[in-house]
Amino acid sequence: MRIHLGTDHAGLEFSTDLQHYLSAQGYEVVDHGPVEYDPLDDYPSFCINAARAVVRDEEAGVAALGIVFGGSGNGEQMAANKVVGIRAALVWSLATAELAREHNAANVIAIGARQHSFDEVKRFIDAFIMTPFSGEERHARRIAQLAEYETTGAIAGHEIV
């Protein structure tokens, strides 16, 4: 599996440490930046590039997930979710990591590097990677509605005002 990483200065250390951790587990890790500390850097391009790479891999039949970091993870999640085909979830616990995959088939997670220890982050990421999508009809239906709205601006059978 390929794991795409994107961050800002607040998550740079976690991202670097995570590259080593995930590579040691046999994952192919692709870093979308930044490569050096700059307290004035802007996260959107790094996170969008990681998200776009996840979509490209999915379209090519390559198993891939993304992880984006920032101080809180909020802006990074928002940036990733601007990419068509991305379902990015903010993860702050084992339960949110598991449910992001099990119920929402999230393909990217965002984590606040200033909110957690590296050991916590590793547990969240391991849970995210290892938890499969349940495939339950209700969850698949909801994901399809999100994709429909994303591409058409509507959800069949539902009023969007």
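These numbers come from a predicted model, not from an experiment.

Caption draft 1: Structural view of the nonpolar core. Of all hydrophobic cores here, the largest spans 23 residues; its most connected members are Ile3, Leu22, Ile67, Phe69, Ile111, Ile125 and Ile129. Broken down by element, this core gets its largest block of residues, six residues, from helix α5 (residues 118–130). Residues in contact with isoleucine 125, not counting those within four places in the same chain, are Leu18, Leu22, Ile67, Phe69, Ile109 and Ile111. If you look at the next biggest cluster of nonpolar residues, it comprises 13 residues, including Cys47, Ala51, Val68 and Val83.

Caption draft 2: Main features of the pattern of salt bridges. This structure, assessed with the given rule, holds five salt bridges. With its nearest N and O atoms 2.8 Å apart, the salt bridge here joins arginine 2 to aspartate 57. With arginine 2 in strand β1 (residues 2–6) and aspartate 57 in helix α2 (residues 43–59), this pair connects stretches of sequence that are 55 residues apart. Residue classification places aspartate 57 among the buried residues on the basis of a relative accessible area of 9%.

Caption draft 3: Highlighting the pairing of strand β5 (residues 108–112). For β5, the tally of buried residues reaches five of five residues, placing the bulk of the element in the interior. Alternating residues of β5 divide into Val108, Ala110 and Gly112 and Ile109 and Ile111, and every residue in both groups is buried. Summarising the sheet, strand β3 (residues 64–70) and β5 pair through five bridges and their orientation is parallel. What sits directly across from glycine 66, in β5, is valine 108. Summarising the sheet, strand β4 (residues 88–90) and β5 pair through three bridges and their orientation is parallel. Of the residues in β5, the one forming a bridge with alanine 89 is isoleucine 109. Traced from β4 through helix α4 (residues 94–102) to β5, the parallel crossover comes out right-handed.

Caption draft 4: Molecular detail of the sheet that holds strand β2 (residues 28–31). Taken in spatial order, the five strands make up an open sheet running β2-β1-β3-β5-β4, and their pairing is parallel. Looking at the sheet topology across the chains shown, the edges are occupied by β2 and β4. Direction aside, neighbouring strands of the sheet carry axes that sit 25 degrees apart on average. In terms of strand pairing, β1 meets β2 through four bridges, oriented parallel. Bridge pairing in β2 links leucine 5 to aspartate 31.

Quick notes on the rules
- Residues numbered from 1 in each chain as written.
- Predicted model: local features only at pLDDT ≥ 70, side-chain atom pairs only at ≥ 80, totals over all residues.
- Heavy atoms only, no water.
- Core = buried A, V, L, I, M, F, W, Y, C linked by side-chain atoms within 4.5 Å.
- Buried < 20%, exposed > 50% of the residue type's maximum accessible area, 1.4 Å probe, protein only.
- Helix = DSSP H or I, 4+ residues; strand = E, 2+ residues; numbered from the N terminus.
- Contact = heavy atoms within 4.5 Å.
- Salt bridge = Lys/Arg side-chain N within 4 Å of Asp/Glu carboxyl O.
- Pairing = 2+ DSSP bridges.
- Right-handed = clockwise from strand over helix to strand, strands pointing away.
- Axes fitted to C-alpha atoms, helices over the stretch in contact; angles between N-to-C directions.

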